[in-house]
Amino acid sequence: MAVVARPSMPAAMQSCGISKIQLQKQQQEQLGSLRMVQLLPMTSVRRCGSKKEERSQPGWRDSRQRMKIYVSAAVSVNSGESISASLKNLNSAFISKEDAKTISSADNDGAISTESTVTIIVVGASGDLAKKKIFPALFALYYEGCLPKHFTVFGYARSKMTSEELRNVISGTLTCRIDQRENCGDKMDKFLQRCFYHSGQYNSEDSFKQLSKKLEEHETGRVANRLFYLSIPPDIFVDVARCASCSASSSRGWTRVIVEKPFGRDAQSSAELTRGLKQHLTEEQIYRIDHYLGKELVENLSVLRFSNLVFEPLWTRQYIRNVQLIFSEDFGTEGRGGYFDNYGIIRDIMQNHLLQILALFAMEPPVSLDAEDIRNEKVKVLRSMRVLSAEDVVVGQYKSHTRGGVKHPGYTEDETVPNHSLTPTFAAAALFIDNARWDGVPFLMKAGKALHTKRTEIRVQFRHVPGNLYKRSFGSDLDRATNELVIRVQPDEAIYLKINNKVPGLGMRLDRSNLHLHYAARYNQEIPDAYERLLLDAIEGERRLFIRSDELDAAWALFTPLLNELESNKVAPEFYPYGSRGPIGAYYLAAKYNVRWGDASSELTTT
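Residues numbered from 1 in each chain as written. Predicted model: local features only at pLDDT ≥ 70, side-chain atom pairs only at ≥ 80, totals over all residues. Heavy atoms only, no water.

The name recorded for the protein in an unreviewed UniProt entry is Glucose-6-phosphate 1-dehydrogenase, from Sphagnum jensenii. According to UniProt, the comment filed for the protein under the heading Sequence similarities (unreviewed entry) is "Belongs to the glucose-6-phosphate dehydrogenase family." As its UniProt record puts it under Catalytic activity (unreviewed entry), the protein is described as follows: "D-glucose 6-phosphate + NADP(+) = 6-phospho-D-glucono-1,5-lactone + NADPH + H(+)". (UniProt positions renumbered as here; feature names shortened; annotations may be inferred.)

The structure is reproduced here in structure tokens:
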């Protein structure tokens, strides 16, 4: 007989005022219902409408062997779930009819509930992010049949509003963007009927208790799962986490919390935020979202590398000369500079979006596609990187410029920005990974606002061919003969490989061409928005594309010394005209490592 150690009182329960006697009683009741369950590992199938998508079930690595799992009361108590809910979360598809008959539940009815419901609570429902991204993403999931049969959407904010008023607000942002089906209007009406609103304070447990009562009315006795999306400023994350954990957690199903960036301003504030959240939630309940990880081409990185023999052997310093991660926007802050000025381009883009892409790109092959295996490898990459210094960084700030007869204001001309602000709107950096695979390979990052184009790309420039027989055909510029793999994340998603080939004819004239995968031309379906993928993963408990706390710590450890140096020394950014390619210093930085920016060539728009 398995011996189950009795856990100490979880911090979340201590903060909610649960006594040790109450906790021990709960443990004894659940320990009495503990049974050994045999589960058959297999692939789970996500059903979205009529489509079926196979996904490996996280944690089960051999689908040909039956495994015995002991569901301990310690797991149930620490996560605030009942035994039946814990088994439900493992995925009922794995439990045979014979095994299900042997399971006794700690629930009042003495049996595992056959139906469950999911409630998505959008905290900060009156904000722009909720209206423009979260509600449309939820509707798109519903439109494609990806949400559970029983689900409800609740908006929560301080603004006084009725459920009908919320529906009117969000209805203008919902579109049947995937295709124009005849039942679009009907689907929209049915979705809106599942949307409700509750007004309350973010730091009031009473408000969340009232919210919980409303949720229970719609859950109607089913196994209730609750997903809180914190679309609010980070300074009230902990208050909402406390109130949600103590007063609005599910008593029978799971409770999860999605946290939007920014995750602090530096290593210290990020660590304080993590500690604050973990006083009320477990790490398994926290889903730190970086929407760039949900983009199609970013998720395709591991597929491109690990499922194509032609790429994986080349993914090393022996063949790759440099890697470039480029983010550019063709607009400035334009009246929204108040938030941006507090963070700047390094915190807003480089420390999270681009660094997460770099970690995925450079990681070693994981043991499996399990979320923890992938995230373990990403952390290893981040911990192997050199800490950034000001010598390897160039910062800039856009100034006013007249283009096409239209004058575009400079950054400090924005009324929401201080007149003498030194906040960079552009940054370029050279990063290095000190491990066996990437030693000496520069990873160049570049991110900026008010540049000449809007684009996010990963560019992999390979080394020159040793003893190239055709080098005379390229003249003295050997960079023209360099192979380059370009992964265009957005917009107009594409993957193309630049190769050298002979121009047809009697002479020996070489040309540089692209082997090109253009997603819009190859696939006749629209690419889902990143928020759709991440919301669905959170509902399903798939954590692969969410950031773990030690990942966050490692990322801030890289950038915090640089940020402190720039701000303490009041380093003035280099000015560049609105709509240009950025400051000249970025090109000197690249030249320092014998690199030419890939997006600076005339081939930028070649497809």
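What follows picks up the thread again.
## Considerations on the overall build of the protein
The number of helices and strands found in the protein is 19 helices and 21 strands. For the protein, with 607 residues in total, the buried portion stands at 51%. Relative to all contacts within the protein whose residues are 6 or more apart in sequence, the contacts with residues 24 or more apart total 77%. (Helix = DSSP H or I, 4+ residues; strand = E, 2+ residues; numbered from the N terminus. Buried < 20%, exposed > 50% of the residue type's maximum accessible area, 1.4 Å probe, protein only. Contact = heavy atoms within 4.5 Å.)

## What to know about the sheet that holds strand β20 (residues 510-518)
Spatially, 9 strands are ordered β20-β19-β18-β17-β11-β16-β15-β12-β21 in an open sheet, and the strand pairing comes out mixed. Of all strands in the sheet, those with a lone pairing partner are β20 and β21 (574-577), marking the two edges. Strand-to-strand twist in this sheet, taken as the mean axis angle between neighbours without regard to direction, amounts to 20°. Contacting β11 (320-328), β12 (393-399), β15 (426-431), β16 (443-448) and β17 (455-462), helix α14 (residues 344-362) runs over the sheet at an angle of about 145° to β16. (Pairing = 2+ DSSP bridges. Axes fitted to C-alpha atoms, helices over the stretch in contact; angles between N-to-C directions.)

## Examining the pairing of strand β18 (residues 484-490)
Counting buried residues in β18 gives 7 out of 7 residues, a clear majority hidden from the surface. Sheet analysis places β17 next to β18, joined by 6 bridges and oriented antiparallel. The residue of β18 that forms the bridge with V460 is L485. Where β18 and strand β19 (residues 494-502) come together, 5 bridges link them in antiparallel fashion. Following the sheet pairing, L485 is matched in β19 by L497.

## Some remarks on unusual backbone geometry
In this structure, P262 follows K261 across a cis peptide bond, with omega equal to 10°. Mapped onto the elements, P262 comes out in the loop between β9 (255-260) and α11 (267-278). Between Q490 and P491 the backbone carries a cis peptide bond, its omega angle lying at -15°. Mapped onto the secondary structure, P491 falls in the loop between β18 and β19. Even without glycine at this site, D492 takes up a positive phi of about 55°. Mapped onto the elements, D492 comes out in the loop between β18 and β19. The phi torsion at K570 lies on the positive side, around 50°, for a residue other than glycine. Of note, K570 is situated in the loop between α18 (549-568) and β21.

## So, the nonpolar core
F191, F228, I346, F361, F443 and F559 are the most contacted members of the largest nonpolar core, which totals 147 residues. By residue number, the principal contributor to this core is α14, which donates 12 residues. Apart from residues no more than four positions distant in its own chain, I346 is found in contact with Q351, V395, A427, F559, L562, L563 and L566. (Core = buried A, V, L, I, M, F, W, Y, C linked by side-chain atoms within 4.5 Å.)

## Section: the packing of helix α9 (residues 205-219) against helix α10 (residues 237-247)
Running from amino to carboxyl end, α9 crosses α10 at an angle of 50°, the nearest separation of the two axes being 9 Å. Judged by the inter-axis angle, α9 sits oblique to α10. Judged by the twist between their axes, the crossing of α9 over α10 is right-handed. Across the interface between the two elements, E205, F208, K209 and S212 from α9 touch V240, R242, C243, A244, C246 and S247 from α10. Its residues placed into classes, the contact of α9 with α10 shows 5 nonpolar, 2 polar and 3 charged. (Parallel < 35°, antiparallel > 145°, perpendicular 65-115°, else oblique. Left-handed = near helix turned anticlockwise from the far one by under 90°. Nonpolar A, V, L, I, M, F, W, Y, C, P; charged D, E, K, R; others polar.)

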